[in-house]
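# Examination of the molecular architecture
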Amino acid sequence: MKTQHRDAHSPSPEHTKTLAETLAPTLRKGDLVLLSGPIGAGKSHFTRSAIHVLLPVPEDVPSPTYTLVQTYTGKTAEIWHADLYRLSNASEIHELGLWAAFDDAICFVEWPDRLGNTIPERALYIDIKPGLEDDARLLRFSWSDN
């Protein structure tokens, strides 16, 4: 299995939104997008932008920081948006029903390090880091060929 990488420089939140909107239509049931980066890097902004494209009608897409998971009925599949920042251990993931969603939905997971070493191989990793300018971001997309 070979790991692929693509890097993108985003000069603004609007450009980051465009990157997410470009990715979103390629996602299908069973796709897993793992977003990492420091607090305030833009993980939720990227995810909300992608989810808006996947919804049949516009609706509010709040951050699941306190609810841990938000679900939506998408055009082609159910959509799960999980923010695992507040989890204390990986066993709590089973209680959320997240493992089943990995097979049955399009899943976006922020703070994937909370999953421990049980991350499915087919995931798309997006690491977002602040750029040199205030609103700029550096995004690294990584996936495995299988």
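The structure this text deals with has already been given above.
Here's what I pulled together on the structure shown here. What you see is a predicted model, and the numbers here were worked out from it, not measured in a lab.

Along the chain, the regular secondary structure elements total four helices and seven strands. Radius of gyration (C-alpha) of the chain: 14 Å, near the 15 Å computed for a compact globule of 146 residues. Expressed along its principal axes, the backbone C-alpha trace of the chain runs to roughly 40 × 35 × 30 Å. A total of 146 residues make up the chain; the buried ones form 45% of that total. Sequence separation of 24 or more characterises 60% of the internal contacts of the chain that already satisfy a separation of 6 or more. Of the roughly 7800 Å² that the chain leaves accessible, carbon and sulfur atoms contribute 53%.

Once that is clear, we can look at the side chain of S142. Inspection of the secondary structure puts S142 in strand β7 (residues 137-145). Apart from residues lying up to four places away in sequence, S142 is in contact with Q4, H5, A123, L124 and Y125.

In total, this model carries five salt bridges according to the counting rule given. In this structure, R114 and D113 form a salt bridge, with 2.7 Å as the shortest nitrogen-oxygen distance. For D113, a relative accessible area of 51% puts it in the exposed group. Linking K129 and D127 is a salt bridge whose minimum nitrogen-to-oxygen distance equals 2.6 Å. A residue is classified by how much of its surface remains accessible, and K129, at 42% relative accessible area, is partly exposed.

Let's shift gears to helix α2 (residues 43-54). For α2, spanning twelve residues, the distance from its first C-alpha to its last is 17 Å, which sits close to the expected 16 Å at 1.5 Å a residue. Listed as buried for α2 are K43, S44, F46, T47, S49, A50, I51 and L54.

At a closest axis distance of 8 Å, the pairing of helix α1 (residues 13-23) and α2 adopts a crossing angle of 45°. Taken as axis vectors, α1 and α2 run oblique relative to one another. Every pair of crossing elements has a handedness; the one defined by α1 and α2 is right-handed. For the pair α1 and α2, contact is made by P13, T16, K17, L19, A20, E21 and L23 and by H45, F46, S49, A50 and V53, respectively.

In this section: the nonpolar core. In this structure, F46, F108 and I126 are the most contacted members of the largest nonpolar core, which totals 24 residues. Contributions of two or more residues to this core are made by α1, β2 (32-36), α2, β5 (105-110), β6 (124-130) and β7. With four residues, the top contributor of residues to this core is α2. Judged by nonpolar contacts, the second largest core, of 18 residues, contains I93, L98, C107 and A123.

On to the environment of I126. Mapped onto the elements, I126 comes out in strand β6. Spatially, the C-alpha atom of I126 lies 11 Å from that of L19, the residues being 107 residues apart in sequence.

If you trace the backbone, H81 turns up in strand β4 (residues 78-83). There is a polar contact of 2.6 Å between the side chain of H81 and the side chain of E110.

Rules and cut-offs
Residues numbered from 1 in each chain as written. Predicted model: local features only at pLDDT ≥ 70, side-chain atom pairs only at ≥ 80, totals over all residues. Heavy atoms only, no water. Helix = DSSP H or I, 4+ residues; strand = E, 2+ residues; numbered from the N terminus. Rg over C-alpha atoms; globule rule 2.2 N^0.38 Å. Buried < 20%, exposed > 50% of the residue type's maximum accessible area, 1.4 Å probe, protein only. Contact = heavy atoms within 4.5 Å. Areas by Shrake-Rupley, 256 points an atom, 1.4 Å probe, with all protein chains shown as cover. Salt bridge = Lys/Arg side-chain N within 4 Å of Asp/Glu carboxyl O. Expected span 1.5 Å × (residues − 1). Axes fitted to C-alpha atoms, helices over the stretch in contact; angles between N-to-C directions. Parallel < 35°, antiparallel > 145°, perpendicular 65-115°, else oblique. Left-handed = near helix turned anticlockwise from the far one by under 90°. Core = buried A, V, L, I, M, F, W, Y, C linked by side-chain atoms within 4.5 Å. Polar contact = N/O pair within 3.5 Å; in protein donor to acceptor, adjacent residues only side chain to side chain.

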